[in-house]
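Inside the fold
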Amino acid sequence: MLLRWFISILLNAVALIAVAQLFDGFHVDGFGTALLASVILAVLNIIVKPILIVLTLPITVVTLGLFLFVINAITLMITQGIMDESFVIEGFWTALFAAVIISILNLLLNRLVRDTVTER
């Protein structure tokens, strides 16, 4: 279980680096910074995200779950605030689009790794 968490952190860092390459307004200093941001995001997803989901449940239901991307963008912005200048997101819209791309990349990377591990 702990190994799965480490792999998830590593894959999230890879997704953050990929998004930094896609968007001009999304800057990550390096892979170490991406790993630290990934750990911070994981902690925020454990502590803050459930609270935000409960508080915004009516909006989430009305938007058929699409508001969860806004919550992901908010956690990205909180991570940026914690990380200071080594992890920079210029604007909420950049964070929102980055959250969508990160979600898709994490889905694809996790499936790829899971399929590779189960083939052994």
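What you see is a predicted model, and the numbers here were worked out from it, not measured in a lab. (Residues numbered from 1 in each chain as written. Predicted model: local features only at pLDDT ≥ 70, side-chain atom pairs only at ≥ 80, totals over all residues. Heavy atoms only, no water.)

When you go through the protein chain residue by residue, the secondary structure sums to five helices and two strands. Taken from N to C terminus, the helices and strands of the protein chain fall in the order α-β-α-α-α-β-α. The C-alpha radius of gyration computed for the protein chain amounts to 14 Å, which stays within 12% of the reference 14 Å derived for 120 residues, consistent with globular compactness. Referenced to the eigenvectors of the C-alpha coordinate spread, the extents of the protein chain come out at roughly 45 × 30 × 25 Å. Of the accessible surface of the protein chain, which amounts to about 7500 Å², a share of 71% is contributed by carbon and sulfur atoms. (Helix = DSSP H or I, 4+ residues; strand = E, 2+ residues; numbered from the N terminus. Rg over C-alpha atoms; globule rule 2.2 N^0.38 Å. Areas by Shrake-Rupley, 256 points an atom, 1.4 Å probe, with all protein chains shown as cover.)

This part is about the packing of helix H2 (residues 31–55) against helix H4 (residues 67–83). Two numbers describe how H2 lies on H4: the axes approach to 9 Å, and their chain directions differ by 130°. Classified by the angle between their axes, H2 and H4 sit oblique to one another. Every pair of crossing elements has a handedness; the one defined by H2 and H4 is right-handed. In this structure, H2 contributes Thr33, Leu36, Ala37, Ile40, Leu41, Leu44, Asn45, Val48, Lys49, Leu52 and Ile53 to the contact, and H4 contributes Leu68, Ile71, Asn72, Ile74, Thr75, Leu76, Ile78, Thr79, Ile82 and Met83. Among the residues making up the contact of H2 with H4, the classes are represented as 15 nonpolar, five polar and one charged. (Axes fitted to C-alpha atoms, helices over the stretch in contact; angles between N-to-C directions. Parallel < 35°, antiparallel > 145°, perpendicular 65-115°, else oblique. Left-handed = near helix turned anticlockwise from the far one by under 90°. Contact = heavy atoms within 4.5 Å. Nonpolar A, V, L, I, M, F, W, Y, C, P; charged D, E, K, R; others polar.)

A separate point is a nonpolar patch on the surface. A grouping of Leu2, Trp5, Phe6, Val39, Val43, Ile46 and Ile47 is seen on the molecular surface, where their side chains present a nonpolar patch of about 670 Å² in accessible area. Contributions of two or more residues to the nonpolar patch are made by helix H1 (2–22) and H2. (Patch = residues over 30% accessible without salt bridge, like charges linked within 9 Å, V, L, I, M, F, W, Y side chains within 5 Å. Salt bridge = Lys/Arg side-chain N within 4 Å of Asp/Glu carboxyl O.)

A full pass over the atoms with the stated rule returns four aromatic pairs. Considering the side-chain rings of Phe26 and Phe87, the 5.4 Å spacing of their centres and the 90° angle between planes classify their relative orientation as edge-to-face. With a gap of 61 residues between them, Phe26 in strand E1 (residues 26–28) and Phe87 in strand E2 (residues 87–89) connect regions that are remote in the sequence. You'll find Phe26 and Phe87 in the same group, each marked buried. Chaining the aromatic ring pairs together yields one cluster made of Phe92, Trp93 and Phe97. (Phe/Tyr/Trp six-rings, centres within 6.5 Å; stacked < 30°, edge-to-face > 60°. Buried < 20%, exposed > 50% of the residue type's maximum accessible area, 1.4 Å probe, protein only.)

To continue, consider H2. Taking 1.5 Å of rise per residue, 25 residues should cover 36 Å, and H2 covers 33 Å from first to last C-alpha, within 8% of that figure. The largest bend in H2 amounts to roughly 45° and is located at Asn45. Among all positions of H2, only Thr33, Ala34, Ala37, Ser38, Ile40, Leu41, Ala42, Leu44 and Leu52 are buried. On the buried face of H2, the contacting elements are H1, E1, H4 and E2. (Expected span 1.5 Å × (residues − 1). Bend = angle between axes of the 7 residues up to and from the residue.)

Judged by nonpolar contacts, the single largest core of 26 residues is most densely connected at Leu16, Phe26, Val28, Leu76, Phe87, Ile89 and Ile102. Secondary-structure elements contributing two or more residues to this core are H1, E1, H2, H4, E2 and helix H5 (92–119). Not counting the four nearest positions on each side in its chain, Leu76 is found in contact with Leu16, Leu41, Phe87, Ile89, Ala95, Ala98, Ala99 and Ile102. (Core = buried A, V, L, I, M, F, W, Y, C linked by side-chain atoms within 4.5 Å.)

In a regular helix each residue adds 1.5 Å, so 17 residues correspond to 24 Å; H4 covers 25 Å between its end C-alpha atoms and thus fits that length. If you check which residues of H4 are buried, you get Phe67, Val70, Ile71, Asn72, Ala73, Thr75, Leu76, Thr79, Gln80 and Met83.

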